[in-house]
Amino acid sequence: MDAPDEVVLFDMDGVLVDSEDYWHEFEDEFVFADAVASGDPAHEEVTGMHFREIYDYLEEEYGTNVTKEEFVDAYHERSELLYGEQVVLMEGAEELFEDLRAEGRKLAIVSSAPQSWISIVRDRFDLGPLDLVLSAEDIDAAGKPEPHIYEHAAAELGVEPEECVVVEDSLNGIESAVRSGAFTVAYRRAHNAELDLSQAHAVAEGPEELRAVLFD
């Protein structure tokens, strides 16, 4: 199955920026240590989900020791340090975006993160013009792993999901993209090195393989 050549939708966390290890650290020190009432959640259970939906999931599966408001506030507080200072941009991202634009392909960021977090990344790394920036908070539907966000992104861009390539890293994100009908590329990095990413249509083991898939 060949990748479509019209639209490329990038997840942000774990793809464009190396934020997942920092979020996992936050989960270990606060979410799983203090917020969860009992049990031992795995990172991959919640990675890729919107943080408000993470709270709902944890409340249902494990119980929680904090209110949703406290949970949300903690995420927002950490996001400023994480995106403003800690993360680095994916190797070769600027050149990749320039080359995709040169081919006339539409580019989008489709993320579970709020627009305010995405804006920090865009401003800090000067990612240039995008055809769409879509947050899970922009749609009135369940987020990843449900397919709605990628279906909505395709509709906003005037195409069918089958005409889109999605680059994702998390199990929830990959499931969301595959269920939407998009050609899904799993981007492997250190944080997901041990996960089974075979649900995706292709697996890119780093930036060079990602380029090869997108320009094949």
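Structure first, text after, so check above.
Described below are features of the structure shown in this document. Predicted model only: the values in this text are computed from it and were never measured. (Residues numbered from 1 in each chain as written. Predicted model: local features only at pLDDT ≥ 70, side-chain atom pairs only at ≥ 80, totals over all residues. Heavy atoms only, no water.)

### Remarks on the overall build of the protein
Selection rule: The helix and strand labels rest on DSSP assignments: H or I over at least four residues marks a helix, E over at least two residues marks a strand, and numbering proceeds from the N terminus. Only the C-alpha atoms count toward the radius of gyration. The rule for a globule is 2.2 Å times the residue count to the power 0.38. Relative accessibility decides the category of a residue: with a 1.4 Å probe and only protein chains considered, values under 20% of the type maximum give buried, values over 50% give exposed, and everything between is partly exposed. Two residues form a contact once any of their heavy atoms are found within 4.5 Å. Working definition of accessibility: Shrake-Rupley area with a 1.4 Å probe, residue cover restricted to the visible protein chains. When charges are tallied, Lys and Arg are placed among the positive residues and Asp and Glu among the negative ones, while His and the ends of the chain are skipped. Note that the charge is assigned to NZ on lysines, CZ on arginines, CG on aspartates and CD on glutamates.
Helix and strand counts for the protein stand at 9 helices and 6 strands. Relative to a compact globule of 216 residues, whose C-alpha radius of gyration would be 17 Å, the protein shows 17 Å and is just as compact. Across the 216 residues that make up the protein, the buried fraction comes to 54%. For the protein, restricting intrachain contacts to residue pairs at least 6 apart in sequence, the fraction spanning at least 24 positions comes to 64%. Taken as a whole, the protein presents about 9500 Å² of accessible surface, with 42% of it coming from carbon and sulfur. For the protein, the centre of its 13 positive side-chain charges and the centre of its 54 negative side-chain charges are spaced 5 Å apart.

### Details of the sheet that holds strand β4 (residues 164-168)
This is how the line gets drawn: What makes two strands pair is DSSP finding at least two bridges between them. Helix axes use the C-alpha atoms of the stretch in contact, all axes being lines fitted to C-alpha atoms, and the angles between their N-to-C directions lie in the range 0 to 180 degrees.
The strand order β3-β2-β1-β4-β5-β6 describes an open sheet built from 6 strands, whose pairing is parallel. In the strand order of this sheet, the two ends are held by β3 (132-135) and β6 (202-204), each with one partner. Put simply, the sheet's adjacent strands are angled 25° from each other on average, direction ignored. Two strands pair when backbone bridges link them, and strand β2 (residues 106-111) and β3 are joined in this way by 4 bridges, in the parallel orientation. Residue pairing across strands places V110 opposite L134, the latter belonging to β3. Across the face of the sheet, helix α5 (residues 93-102) comes into contact with β1 (7-10) and β2 while running at roughly 155° to β1. Packed onto the sheet, helix α8 (residues 171-180) meets β4 and β5 (183-187) and runs at close to 165° relative to β5.

### Regarding the packing of α5 against helix α9 (residues 207-214)
Rules: Oblique is the label for every angle not falling under 35 degrees (roughly parallel), over 145 degrees (roughly antiparallel), or within 65 to 115 degrees (roughly perpendicular). Charged residues are taken to be Asp, Glu, Lys and Arg, nonpolar residues to be Ala, Val, Leu, Ile, Met, Phe, Trp, Tyr, Cys and Pro, and polar residues to be all remaining types, Gly included.
For the pair α5 and α9, interaxial distance at closest approach is 11 Å and the crossing angle is 10°. Here α5 lies roughly parallel to α9, going by the angle between them. For the pair α5 and α9, the contacting residues are E95, L96, D99 and L100 in the first and L210, R211 and L214 in the second. In terms of residue class, the contact of α5 with α9 is built from 4 nonpolar, no polar and 3 charged.

### Brief notes about the side chain of S170
Along the polypeptide, S170 turns up in the loop between β4 and α8. Since its relative accessible area comes to 3%, S170 is described here as buried. Sequence-distant contacts of S170, defined by excluding residues within four places in its chain, comprise T47 and G48.

### Some thoughts on the nonpolar core
Rules: We call a set of buried residues a nonpolar core when its members are Ala, Val, Leu, Ile, Met, Phe, Trp, Tyr or Cys and they connect through side-chain atoms within 4.5 Å of each other.
F10, F71, Y75, Y83, L210 and L214 are the most contacted members of the largest nonpolar core, which totals 54 residues. Among the nonpolar cores identified, the runner-up in size contains 18 residues, and L9, L134, Y150 and C164 belong to it.

### Thoughts on the packing of aromatic side chains
Going by this rule: Aromatic pairs are defined between Phe, Tyr and Trp rings, using the six-membered ring for Trp, whenever the two ring centres lie within 6.5 Å; interplanar angles under 30 degrees are classed as stacked, those over 60 as edge-to-face, and all others as tilted. A ring is considered to have a charge above it if a Lys NZ or an Arg CZ atom is located within 6 Å of its centre and within 35 degrees of its normal.
On inspection of all chains with the given rule, the structure shows 13 aromatic pairs. Of the aromatic side chains, those joined through ring pairs into one cluster are W23, F26, F30, F51, Y55, F71, Y75, Y83 and W117. Cation over ring: R105 sits above F215, and NZ or CZ is 5.8 Å from the ring centre.

### Quick word on the pairing of β4
The element β4 is largely enclosed, with a buried count of 5 among its 5 residues. The alternating pattern of β4 places C164, V166 and E168 on one face and V165 and V167 on the opposite face, and all of these are buried. Here 4 bridges tie β1 to β4, and the two strands are oriented parallel to one another. Looking across to β4, one finds that F10 is bridged to V167. Judged from the 4 bridges that link them, β4 and β5 form a sheet pairing that is parallel.

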